[in-house]
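Architecture at a glance
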Amino acid sequence: MTEDERNAEIERLFGAKPTRKHRKSTGSPKPKAKPSGDSEASVMAELHGVLARHPGIRMFERRTVGVFDRGGRNVAVGVKGRADYWAVLSNGRHVEIEAKRRDGRGRLSPHQVSFREFCREHYIPYVVVKNGAELRDFLEKHLQSK
């Protein structure tokens, strides 16, 4: 069945023309570019690996914040300023983890500073890390305390 025949069949069955044309697959999807070594994305990838393999982590979640286009509608997701990850440790503690660039060029936004202060006021451990070693040190410190 050609694309025109398919569109005619959809119109006949549903009384309307298709709103979107589907592209034919050209095979395997394009591979994603690997993040550069100093980028926050490369730090996030490293932190995700540490959290996934650390024996003291019971659960963790990567937070997504931003505005995304969903079929012509902008949809806001998440809360500005929240840390990139939250985790629950084996001792029951909840921790907040913010990733920044390895080269030290990343800075906390005003919303992130407010969230960090909220965490401090409520005795929630909060850390800004630039690599997996800093995260492991933070986790070990908070796994030993109750």
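Here, the structure is the one placed above.
Residues numbered from 1 in each chain as written. Predicted model: local features only at pLDDT ≥ 70, side-chain atom pairs only at ≥ 80, totals over all residues. Heavy atoms only, no water.

Moving on: the side chain of Gln 112. You can see Gln 112 is positioned in helix 3 (residues 110-121). Side-chain polar atoms of Gln 112 contact the side chain of Lys 100, separated by 3.3 Å. Ignoring anything within four residues of it in the chain, the contact list for Gln 112 reads Gly 81, Glu 98, Lys 100, Arg 107 and Tyr 126. (Helix = DSSP H or I, 4+ residues; strand = E, 2+ residues; numbered from the N terminus. Polar contact = N/O pair within 3.5 Å; in protein donor to acceptor, adjacent residues only side chain to side chain. Contact = heavy atoms within 4.5 Å.)

Let us now look at the packing of aromatic side chains. Under the defined criterion, the tally for this structure stands at three aromatic pairs. Each ring, one from Phe 115 and one from Phe 118, has its centre 6.2 Å from the other, and the planes form 20°; the classification is stacked. Residue Phe 115 and its partner Phe 118 are located together in helix 3, separated by three residues, close to a single helical turn. Seen in terms of ring centroids, Phe 115 and Tyr 126 are 6.2 Å apart; in terms of plane orientation they differ by 65°. Their pairing is edge-to-face. Taken as a pair, Phe 115 in helix 3 and Tyr 126 in strand 6 (residues 126-129) lie far apart in primary sequence, 11 residues in all. (Phe/Tyr/Trp six-rings, centres within 6.5 Å; stacked < 30°, edge-to-face > 60°.)

Mapped onto the fold, Lys 100 is located in the loop between strand 5 (94-99) and helix 3. In this structure the side chain of Lys 100 is engaged in a polar contact, spanning 3.3 Å, whose partner is the backbone oxygen of Arg 107. The contact partners of Lys 100, leaving out residues within four places of it in the chain, are Glu 40, Val 43, Gly 106, Arg 107, Leu 108, Gln 112, Val 128, Val 129 and Lys 130.

A few words on the pairing of strand 2 (residues 66-70). Looking along a regular strand, one sees side chains alternate from face to face of the sheet. Counting buried positions along strand 2 yields zero of five residues, so the element is predominantly exposed. The pairing of strand 2 with strand 3 (residues 73-77) spans five bridges and is classified as antiparallel. Within strand 3, the position partnered with Val 67 by the bridge is Ala 76. The antiparallel pairing of strand 2 with strand 3 creates a hairpin that spans two residues between the two strands, and Gly 71 there sits at a positive phi of about 60°. (Buried < 20%, exposed > 50% of the residue type's maximum accessible area, 1.4 Å probe, protein only. Pairing = 2+ DSSP bridges.)

Moving on to the environment of Glu 134. Inspection of the secondary structure assignment puts Glu 134 in helix 4 (residues 132-144). Accessibility expressed as a relative area gives 30% for Glu 134, which makes it partly exposed. Distance from Glu 134 to Leu 47, taken between C-alpha atoms, is 9.6 Å for residues 87 residues apart in sequence. Residues contacting Glu 134, with those up to four places away along its chain left out, are Val 128 and Val 129.

Moving on to helix 3. Along its 12 residues, helix 3 runs 17 Å from first to last C-alpha, staying within 8% of the 16 Å computed at 1.5 Å per residue. Looking only at helix 3, the buried set comprises Gln 112, Phe 115 and Cys 119. Viewed along the axis of helix 3, the buried residues span an arc of 60°, placing them on a single side of the element. Residues Pro 110, Arg 120 and Glu 121 are exposed on helix 3 and point more than 90 degrees away from its buried face. Within two residues after helix 3, Tyr 123 carries a phi angle of roughly 60°, on the positive side. (Expected span 1.5 Å × (residues − 1). Arc of directions from axis to C-beta.)

Strand pairing in a sheet takes place through backbone hydrogen bonds and is either antiparallel or parallel in direction. On the basis of which strands lie adjacent, the open sheet formed by four strands has the order 1-4-5-6 and mixed pairing. Both edges of this open sheet fall to strand 1 (57-62) and strand 6, since each of them pairs with a single strand only. Strand-to-strand, the axes of this sheet are offset by a mean angle of 25°, without reference to chain direction. The sheet contact formed by strand 4 (residues 85-89) and strand 5 spans four bridges and is antiparallel. In the strand pairing of strand 5, Ala 87 is matched with Val 95. Along the sheet, helix 2 (residues 40-53) makes contact with strand 1, strand 4, strand 5 and strand 6, crossing strand 5 at roughly 155°. Contacts from helix 4 reach strand 1, strand 4, strand 5 and strand 6 within the one sheet, and its direction differs from that of strand 6 by about 160°. (Axes fitted to C-alpha atoms, helices over the stretch in contact; angles between N-to-C directions.)

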